[in-house]
Amino acid sequence: MIVWGGSNLADALDTGGRYNPAADAWMAVSPAGAPSRRDSHTAVWAGGEMIIWGGYGASIYHTNTGGRYNPTTNSWADTSTGANVPPGRAYHTA
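So, a few notes on the structure that sits alongside this text. (Residues numbered from 1 in each chain as written. Predicted model: local features only at pLDDT ≥ 70, side-chain atom pairs only at ≥ 80, totals over all residues. Heavy atoms only, no water.)

1. Description of a nonpolar patch on the surface
On the surface, Met1, Val3 and Trp26 cluster together into a nonpolar patch covering about 350 Å² of accessible area. Residue position: Trp26 is located in strand S3 (residues 25–28). With a relative accessible area of 54%, Trp26 lands in the exposed category. (Patch = residues over 30% accessible without salt bridge, like charges linked within 9 Å, V, L, I, M, F, W, Y side chains within 5 Å. Areas by Shrake-Rupley, 256 points an atom, 1.4 Å probe, with all protein chains shown as cover. Salt bridge = Lys/Arg side-chain N within 4 Å of Asp/Glu carboxyl O. Helix = DSSP H or I, 4+ residues; strand = E, 2+ residues; numbered from the N terminus. Buried < 20%, exposed > 50% of the residue type's maximum accessible area, 1.4 Å probe, protein only.)

2. Structural notes on the pairing of strand S5 (residues 42–45)
The pairing of S5 with strand S6 (residues 50–53) spans four bridges and is antiparallel. Residue Trp45 lies in a different strand from S6, and its bridge partner there is Met50. Following S5, the chain reverses through four residues before pairing antiparallel with S6; Gly47 in that reversal takes a positive phi of roughly 80°. (Pairing = 2+ DSSP bridges.)

3. Side note on the pairing of S6
Bridge count between S6 and strand S8 (residues 66–70): four bridges; the pairing is antiparallel. The partner of Ile52 across the bridge, within S8, is Gly67.

4. Points about the environment of Ala28
Counting through the fold element by element, Ala28 comes out in strand S3. Placed twelve residues apart in sequence, Ala28 and Gly16 show a C-alpha to C-alpha distance of 6.2 Å. Among residues more than four places away in sequence, those in contact with Ala28 are Gly16, Gly17 and Asn74. (Contact = heavy atoms within 4.5 Å.)

5. Structural notes on the packing of aromatic side chains
Going through the model one piece at a time under the given rule, you end up with four aromatic pairs. Judged by centre distance (5.1 Å) and plane angle (50°), the ring pair of Tyr69 and Trp76 falls under tilted. Tyr69 gets classed as buried once you look at its relative accessible area, which sits at 0%. With a relative accessible area of 10%, Trp76 lands in the buried category. These aromatic residues form a ring-pair network of at least three members: Trp4, Tyr69 and Trp76. (Phe/Tyr/Trp six-rings, centres within 6.5 Å; stacked < 30°, edge-to-face > 60°.)

6. Quick notes on unusual backbone geometry
Located in the positive-phi region is Asp24, a residue other than glycine, with phi close to 50°. By the secondary structure assignment, Asp24 is in the loop between strand S2 (16–20) and S3. We note that Asn84 has phi near 70°; this positive angle belongs to a residue other than glycine. Summarising the element assignment, Asn84 is placed in the segment after strand S9 (75–78).

Note that all results are geometric; they support no functional claim without further evidence.
Printed below as a string of structure tokens:
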């Protein structure tokens, strides 16, 4: 299980963790290259990566950015913000 972002009721978060049920242990998700802090975003598993997108940002009402997290390398890559990116939104489904 991978947890990233969300809210602590005071601020949107840009941190997370990975849970390994076999070891009953947590490991931090690397903050290097992570998307900006946000809550109410979507997260989906796409084969070997978790993709997060949208939500409420710290200074942006609805964000139309995201990131791709690879748990094998514990690293992030940006999602495209080029042509045809949808308008920002929160509480959406994917």
